[in-house]
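If you want the building blocks of each chain, they are given just below.
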Amino acid sequence: MVVDLEAPADRALTRPRRRALAAVAAVAALVAVGLVTLLDLRPPAPRGTGTPAGQFSAARAYTQVEALGAQTHVAGSAANDRNRNRIETALREAGLSPAVQDTVGTEAGQLSGGAGGATFARVRNVVATLPGTASTGRVFLVAHYDSVQVGPGGNDDGAGVATILEVARAMAGGPRPRNDVVFVLTDAEEACLCGASAFVSAHPLAADGGVVLNLEARGSSGPVITFETSRRNAALVDVFGRAAPHPVGTSFAVEVYRLLPNDTDFTPFLDKGFAGLNSAYIDGAAIYHTPLDTPATMDRASLQQHGDNALALAREFGRLDLSTMESDGDATYFPVPGGLVHYPGWLTWPLAVAALVATAALAWLARRRGRTTWPRVAAGFGLGLVPVVLAPVLAQVLWAILAALRPGYTEMVDPYRPLWFRLAVVALSASVLFTWYALLRRRLGPASLAIGGLGWLVVFGFALAALAPGGSYLTSLPGLAGALAGLLALAMPRIGVVAVTAAAAVATVILLPTVTLLFPALGLAMGAVGALFCVLLGLAALPVVDLLFAEAGGQRAMVAMLARRHAMYPGLAGVLAAVVFTVVGLSVDGFDAKHPSPTHLMYALDAGAGKAVWLSQESTEQQWTSRYVSGDPAPLADFPGLGDHDVRSGPAEVAPLQAPTVDVQQLPSASGERHVRLRVRPQRPVRLLSLHVDAATAAVVSARVAGQPAPVGREGEQWSFGMVFHAPPPEGVEVELVLRPANGPAGRVSLRVMDGSDGLSGLPGYRPRPPDVGIAGSHSSELVAVATTVPI
């Protein structure tokens, strides 16, 4: 048997004399850094009712959460009216003078506007101002007080509202700020962001803009993350890092959120040019928008962090000259133990280039020192793509297995107890990395693989700099640190282990929070992203990983063979850990009465045709739902008010429900047109009304809904006009249309009207869910829609 006399250790960046001791010390240091980094992300301990009046107390705020989240309170409901009264009372008790903005808000194209339509709502925003002593602008604290139609909103957004009420109490009882501080509790956020839209469009206090702090929750626990900012955020981030006692946020999250189709009340403020920060806690998302979003599920530590940050930022922005908040560009920022690192965004490309130059210099010097060759460097880089691709693929395979075993997971943001599955993804990623390294270490050498790994960090740094500049730091900085550490290790071998361990520590501080925060942010269905960043962290730490492998070169053949076999143990251990974590996760996260499997079901009745159907928007048909619907998802043409989602359907019995009626008033009109004023009247208690005009019968020249201008459909669409109105008054909604009928001014025009209420109980053919079957978090779950066609 031929023995490779060139030992891998001789081709490594470091050559410690006491390899085992160096390995133990390096790993211990990285574990310590990792633990400190993770512990620093934890929310602070909640404070009790005895907390000084000028500080935030989660216990005091939680009493508001309990009252606000006692029952479902969708916009327009009696329960929402009671919560609004409670909010007004709390603000008065704090010494403020709240007022209600009662108006109609609109947000075109949001959530449920239907095909070619726009969304409207009657909203009643609660607004109170703490006047400043010499105001340079206004600071707005914003949260919405309505809930979804199926859940009590204990977290979403009871957390935000309770935080603002406690902050208002603390600030009103202390020294007056320099700037006006405006507390805005918006209505109808869940339906259409219409409360926030109405405030920024029509309220006098919003006319001059300002700094807005929007408070949200998309789960029940975890650190409060500042996940969105206005553009040109450098000055804002500086204040956030300096003033917030628990600043958790990354510019990468901001970049990702800007690419997503998600919206909060922050969006209308941004659209009107406000500066600001958007924050939420996002772990425990299984309860999001479901009946389980109760006050009891809230982690009060998360509430404490919301309050600590909001109070500190309100005071700081209340103190500053707000005219200086406009910056030339965005900042790059990320959390580190004890604070927030931030630097100007213009450094993104220089740092990416510096990482490239340093990595190239390391490759050159390693070759000169005999640690590698150019072919080996190229091979290390090329083969470095294997773990970068394979680990995310295996993470998606794991998700596919989980979804097959537990179809209910596909209807959730995350499982109820996702920790074990997240650990399984991490273990799979580690297994891929260790196995890849063990297979290639002797052939290519540790230095070649380390330099190749840094090369991929550089590639990602450049890609992110081009596509999402705020995320380039994730790989540029670890790549730069790793390359500089490698150069130092080659130049000063005695401190080589210290240098590469320090570089790995830099990568840990930067990438470990990213992995930790990505899992709850994206859910297990996108666990591949978490797996990718796990591998990138491993590539950044390869010189330390190498210390875990025995020196095999230059030994007898049998010893060398045993060493190679032992080198596979870490990878096998990772596979075993992934299997164990998955099995444990499945055993502890079964569906039961406290953690039901989510299902989505609606009922739609065409009162004119005398036909009814069950509908479901489930991505994967659930066992309970299959008794009502079947087949593949398909468009639903006759109910445009439900939007353009594909749905599964099944026949249903006709319920004795009346469709809305339409009163028609003819108005003077131009030649060839018809000008009409319509009043769409519900015939039963509903939370929404919709009206659509069939484009085959008329084009719509212009439209107004409740006095607000409305967009009309584009040519070629099925509906030439569409609107959905949330929280309609009992007398109905007035719609004014200028029509151009297809068959002349006197031609018949077809209107499709629909209303929607909530709750399937009592419908013919409906059977209540068993205890272990729940309601999916959706704005249309449990909807009862009744539609008809009205000719005019």
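Parameters at a glance
Residues numbered from 1 in each chain as written. Predicted model: local features only at pLDDT ≥ 70, side-chain atom pairs only at ≥ 80, totals over all residues. Heavy atoms only, no water. Salt bridge = Lys/Arg side-chain N within 4 Å of Asp/Glu carboxyl O. Helix = DSSP H or I, 4+ residues; strand = E, 2+ residues; numbered from the N terminus. Buried < 20%, exposed > 50% of the residue type's maximum accessible area, 1.4 Å probe, protein only. 1 Å grid on protein atoms, 1.4 Å probe; cavity = no way out; pocket = protein on both sides within 12 Å on 5 of 7 lines; lining within 4 Å. Points joined across faces, edges and corners; volume = space filled by probe spheres on them. Nonpolar A, V, L, I, M, F, W, Y, C, P; charged D, E, K, R; others polar. pLDDT = per-residue confidence, 0-100. Contact = heavy atoms within 4.5 Å. Disulfide = S-S within 2.5 Å. Pairing = 2+ DSSP bridges. Core = buried A, V, L, I, M, F, W, Y, C linked by side-chain atoms within 4.5 Å. Axes fitted to C-alpha atoms, helices over the stretch in contact; angles between N-to-C directions. Parallel < 35°, antiparallel > 145°, perpendicular 65-115°, else oblique. Left-handed = near helix turned anticlockwise from the far one by under 90°. Phe/Tyr/Trp six-rings, centres within 6.5 Å; stacked < 30°, edge-to-face > 60°.

(A) Region of interest: the pattern of salt bridges. As enumerated under the stated definition, the model contains 28 salt bridges in all. Across the salt bridge formed by glutamate 736 and arginine 677, the nearest N and O atoms sit 3.7 Å from each other. Taken together, the residues span a long stretch of sequence, with glutamate 736 in strand E21 (residues 733-741) and arginine 677 in strand E16 (residues 674-681) at a distance of 59 residues. Assessed through its relative accessible area of 25%, arginine 677 is described here as partly exposed.

(B) A look at empty space enclosed by the protein. All chains considered together, the criterion is met by 8 cavities of 30 Å³ or more. Considered as a void within the structure, the largest cavity measures approximately 90 Å³ in volume. Around the largest cavity, the lining residues are Leu213, Asn214, Leu215, Val224, Thr226, Phe240, Leu277, Ser279, His306, Asn309, Ala310 and Leu313. Contributions of two or more residues to the lining of the largest cavity are made by strand E5 (211-217), strand E6 (221-229), strand E7 (275-283) and helix H10 (300-319). Among the elements that line the lining of the largest cavity, the one with the most residues is H10, at 4 residues. Within the lining of the largest cavity, the residues separate by chemical class into 7 nonpolar, 5 polar and no charged.

(C) Focus on the confidence of the model for the protein. Chain-level pLDDT for the protein is 94 on average; 96% of the residues reach the 70-or-more range. Scored below 50 in pLDDT, residues 552-562 makes 15 contacts in the model with residues more than four places away or belonging to other chains.

(D) Main features of the state of the cysteines. For the structure on display, the rule yields 1 disulfide. Shown here is the disulfide that connects cysteine 192 with cysteine 194, its sulfur atoms set 2.0 Å apart. Looking along the S-S bond of the cysteine 192-cysteine 194 disulfide, the torsion reads about -130 degrees, which is the left-handed sense.

(E) Layout of the pairing of strand E9 (residues 339-344). Pairing geometry for strand E8 (residues 331-336) and E9, over 6 bridges, is antiparallel. Looking across to E9, one finds that tyrosine 333 is bridged to histidine 342. Here E8 hands over to E9 after 2 residues, with glycine 338 in that stretch at a positive phi of 95 degrees.

(F) Highlighting the nonpolar core. Membership of the largest hydrophobic core comes to 76 residues, with the highest contact counts inside it found for Trp436, Tyr473, Phe533, Leu539 and Leu542. Considering each element in turn, this core owes the most residues, 13 residues, to helix H14 (residues 419-444). Of all hydrophobic cores here, the second largest spans 60 residues; its members include Ala128, Ala235, Phe240 and Leu322.

(G) The arrangement of the packing of helix H1 (residues 19-41) against helix H17 (residues 496-522) in detail. Look at H1 against H17: their axes get within 9 Å of each other, and the N-to-C directions meet at 30 degrees. In terms of orientation, H1 and H17 fall into the roughly parallel class. Crossing of H1 over H17 shows right-handed handedness. Listed contacts from H17 to Ala22, Ala26, Ala29, Leu30, Val33, Gly34, Thr37, Leu38 and Leu41 of H1 are Val497, Thr501, Ala504, Ala505, Thr508, Val509, Leu512, Pro513 and Thr516. Class assignment of the residues belonging to the contact of H1 with H17 gives a composition of 13 nonpolar, 5 polar and no charged.

(H) Expanded view of the side chain of glutamate 673. Relative to the helices and strands, glutamate 673 resides in the loop between strand E15 (661-667) and E16. If near-sequence neighbours (up to four positions away) are discounted, glutamate 673 is found in contact with Val701, Val738, Leu739, Arg740 and Pro745.

(I) View of the sheet that holds E15. Pairing is antiparallel across the open sheet formed by 5 strands, whose spatial order is E15-E16-E21-E18-E19. Each end of this open sheet is capped by a strand with a single partner; those strands are E15 and strand E19 (708-710). Taken pair by pair, the neighbouring strands of this sheet meet at an average axis angle of 25 degrees, ignoring direction.

(J) Focus on the packing of aromatic side chains. Tallying each qualifying case throughout the model produces 22 aromatic pairs. Summarising the aromatic geometry, the rings of tyrosine 409 and phenylalanine 421 are spaced 5.9 Å apart at their centres and angled 70 degrees between planes, so their arrangement reads as edge-to-face. Linking tyrosine 409 in the loop between helix H13 (385-405) and H14 with phenylalanine 421 in helix H14, this pair joins segments that are 12 residues apart in sequence. For the residue pair tyrosine 409 and phenylalanine 421, the accessibility class agrees, reading buried in each case. Seen in terms of ring centroids, tyrosine 603 and tryptophan 614 are 5.2 Å apart; in terms of plane orientation they differ by 65 degrees. Their pairing is edge-to-face.

(K) Broad picture of the layout of surface pockets. The computed volume of the second largest pocket comes to approximately 1,500 Å³. Listing elements by their share of the lining of the second largest pocket, those giving two or more residues are H1, E6, E7, H14, H17, helix H18 (527-540), helix H19 (542-546) and helix H21 (569-588). By residue number, the principal contributor to the lining of the second largest pocket is H14, which donates 9 residues.

(L) Representation of the side chain of serine 472. As for its position among the elements, serine 472 is in the loop between helix H15 (446-467) and helix H16 (473-491). Excluding residues within four positions of it along the chain, serine 472 makes contact with Thr348, Ala352, Gly461, Leu464 and Ala465.

(M) How the structure looks around the environment of alanine 45. Here alanine 45 is to be found in the loop between H1 and helix H2 (58-68). Residue class for alanine 45 comes out exposed when judged on its relative accessible area of 60%. Sequence separation of alanine 45 and arginine 258 is 213 residues, and the distance between their C-alpha atoms is 32 Å.

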